[in-house]
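Residue-level structural notes
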Amino acid sequence: MRTDLFDFDLPDSLIASSPAHPRDSARMLTLLPSHLRGEGQGGGELSDEIISDFPNHLRPNDIVVFNNTRVIPARLLGKRGEANVEVLLHKRQAPPNGGVWSAFAKPAKKPRIGDEIIFAEDFAAIVLEKLESGEILIDLDPRLRGDVNKKILAHGRMPLPPYIEKKRRSDASDNASYQTVYAAHDGSVAAPTAGLHFTPSLIAALPCPHSYVTLHVGGGTFLPVKSEDTSEHKMHSEWAHISRETAAAINAAKARGGRVVAVGTTSLRTLESATDAAGIVQPFEGETDIFITPGYRFKYVDMLLTNFHLPRSTLFMLVSAFSGLEKMQAAYAHAIANNYRFYSYGDACLLYKTP
């Protein structure tokens, strides 16, 4: 499909630079299916609600699936000789706890293979390779001087998306705000943003079971598609995990007639990646590069809670596949006209899968 079909104009004033307080006070635009439209405000297809209304859309047999990845402070400030260098970690390479990462560097053209970037007295990286994608491959532990993960936590800063960093620099408040309350496994360099709206009390108010999968969100998640046709886009890969127990719980909900409700596109992509031809979610651990565009037949997920996404992004393509391109274009036009807040710290929309 043509990429420009997924383009739209967004006023800069609607890009949220800080989260809603409390988290569950953010707005939620719900796209109601035809059999529920009488329940929405005015009985229309679009219903203006808030996140705390989310449990009202659930039934006891449903299951809500969250992504429990934890964002690491992946933005590192260092020196290459006398020059300042900013490194944004993108994706850890094998082994899972090693020190080799692909990363973006500013200024991008300066680092050379073999260069050392010093972040602290006991923390430095060696440039191993310059990748065709514009990234560099670095070793954060070239001298085996300690725990790499602890050093990242000690010296890194929260990696707010560029559209927020353009408005303000990250500060101490982002350490909590840009993290879900249920984050458990270090590894993401961007937050699974739909989950940022949840509080412990909202999770406790769910009238159905919930479960957790893990997908470590990479830096490519929010980038626009630059190719003119979606078929020419190379999707980034990310590491995901579903335990045997989690797969069993989700399959049990589906078997009893419940709906699978994904909180965030990362949860949805993890579930769709792990679903076999018979429509059963299997335990999963490994890379996924699933790229969902209109025409994709969803195998497992029935409802999706997600934030408002960038123009021409793979995420806007995904929601257009889930609920229909024309419906999503109308929903986004409504959101813009009614001053919804967009992107990572913005408001959310609740989508039902189009049959």
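Residues numbered from 1 in each chain as written. Predicted model: local features only at pLDDT ≥ 70, side-chain atom pairs only at ≥ 80, totals over all residues. Heavy atoms only, no water.

1. As for the overall build of the protein chain
Helix and strand content of the protein chain: 8 helices and 17 strands. In summary, the protein chain has a C-alpha radius of gyration of 20 Å against a globular reference of 20 Å for 355 residues, a match within 12%. Split into buried and exposed, the 355 residues of the protein chain put 55% on the buried side. Total accessible area on the protein chain stands at roughly 15400 Å², and carbon and sulfur atoms take up 52% of it. (Helix = DSSP H or I, 4+ residues; strand = E, 2+ residues; numbered from the N terminus. Rg over C-alpha atoms; globule rule 2.2 N^0.38 Å. Buried < 20%, exposed > 50% of the residue type's maximum accessible area, 1.4 Å probe, protein only. Areas by Shrake-Rupley, 256 points an atom, 1.4 Å probe, with all protein chains shown as cover.)

2. What about the sheet that holds strand β1 (residues 27-31)?
In space, the 9 strands of this open sheet follow the order β2-β1-β17-β16-β14-β3-β12-β13-β15, with mixed pairing throughout. At either end of the open sheet lies a strand with only one pairing partner, and these are β2 (46-50) and β15 (284-288). Between one strand and the next, the sheet's axes are offset by a mean angle of 25°, whatever the strand orientation. As paired strands, strand β16 (residues 303-307) and strand β17 (residues 348-352) are joined by 5 bridges and run antiparallel to one another. Within the sheet, the bridge partner assigned to M303 lies in β17 and is Y352. Helix-sheet contacts for helix α6 (residues 265-274) involve β3 (63-67), β12 (210-215), β13 (238-242), β14 (260-263), β15 and β16, and the interaxial angle to β12 is about 85°. Across the face of the sheet, helix α8 (residues 325-337) comes into contact with β1, β2, β16 and β17 while running at roughly 150° to β1. (Pairing = 2+ DSSP bridges. Axes fitted to C-alpha atoms, helices over the stretch in contact; angles between N-to-C directions. Contact = heavy atoms within 4.5 Å.)

3. Here's the deal with the pairing of strand β9 (residues 123-130)
Sheet topology note: the strand β8 (residues 116-120)/β9 ladder contains 4 bridges and is antiparallel. Its bridge partner being in β9, A120 is matched across the sheet by F123. Between β8 and β9, which pair antiparallel and follow one another directly, the connecting turn spans 2 residues. Two strands pair when backbone bridges link them, and β9 and strand β10 (residues 136-139) are joined in this way by 4 bridges, in the antiparallel orientation.

4. Topic: the nonpolar core
Residues Y178, L268, L271 and F342 are the most contacted members of the largest nonpolar core, which totals 60 residues. Residue contributions to this core peak at 6 residues, all from helix α7 (residues 314-323). Core analysis: the next-biggest nonpolar cluster, separate from the first, contains 22 residues, F66, I203, V261 and L350 among them. (Core = buried A, V, L, I, M, F, W, Y, C linked by side-chain atoms within 4.5 Å.)

5. A closer look at helix α5 (residues 244-255)
For α5, with 12 residues, the first-to-last C-alpha span of 16 Å sits near the 16 Å given by 1.5 Å per residue. Taken together, the buried residues of α5 touch β3, β12, β13, β14 and α6. G257 lies just past α5 and shows a positive phi near 90°. (Expected span 1.5 Å × (residues − 1).)

6. Regarding the pattern of salt bridges
All told, the structure shown has 15 salt bridges when counted by the stated rule. R75 is the partner of E165 in a salt bridge, and the nearest nitrogen-oxygen pair spans 3.6 Å. Of this pair, E165 sits in helix α2 (residues 162-165) while R75 sits in strand β5 (residues 75-80), and the two are 90 residues apart along the sequence. Given the relative accessible area of 6%, R75 is considered buried. Its salt-bridge partner being D302, residue K353 comes within 3.9 Å of it at the nearest N-O pair. (Salt bridge = Lys/Arg side-chain N within 4 Å of Asp/Glu carboxyl O.)

7. A closer look at the state of the cysteines
Across all of its chains, the model carries 0 disulfides by this definition. Left without a disulfide partner, C208 is nearest to the cysteine sulfur of C349, which lies 19 Å away. Note on C208: relative accessible area 8%, which makes it buried. Overall, C349 belongs to the buried group, its relative accessible area being 1%. (Disulfide = S-S within 2.5 Å.)

8. Quick look at the side chain of T293
Considering the arrangement of structural elements, one finds T293 in the loop between β15 and β16. Ignoring sequence-local partners within four residues, the contact set of T293 consists of T230, M317 and A321.

9. Describing the packing of aromatic side chains
As enumerated under the stated definition, the model contains 19 aromatic pairs in all. Ring plane angle 45° and centroid distance 5.2 Å describe the contact between F119 and F123, whose orientation is recorded as tilted. F123 matches F119 in its accessibility class, with the two residues each being buried. Their ring planes at 80° and their centres at 4.9 Å tell us that Y296 and F298 sit as a pair that is edge-to-face. Following the ring pairs from residue to residue traces out a cluster consisting of F6, F8, Y163, F308, F316, Y332, Y340, F342 and Y343. The aromatic ring of Y340 is capped on one face by R27, whose charged end is 3.8 Å from the ring centroid. Above the face of the Y300 ring, K254 is positioned so that its terminal group lies 4.9 Å from the ring centre. (Phe/Tyr/Trp six-rings, centres within 6.5 Å; stacked < 30°, edge-to-face > 60°. Lys NZ or Arg CZ within 6 Å of the ring centre and 35° of its normal.)

Remember, this is a structural readout, not a statement about activity or role.
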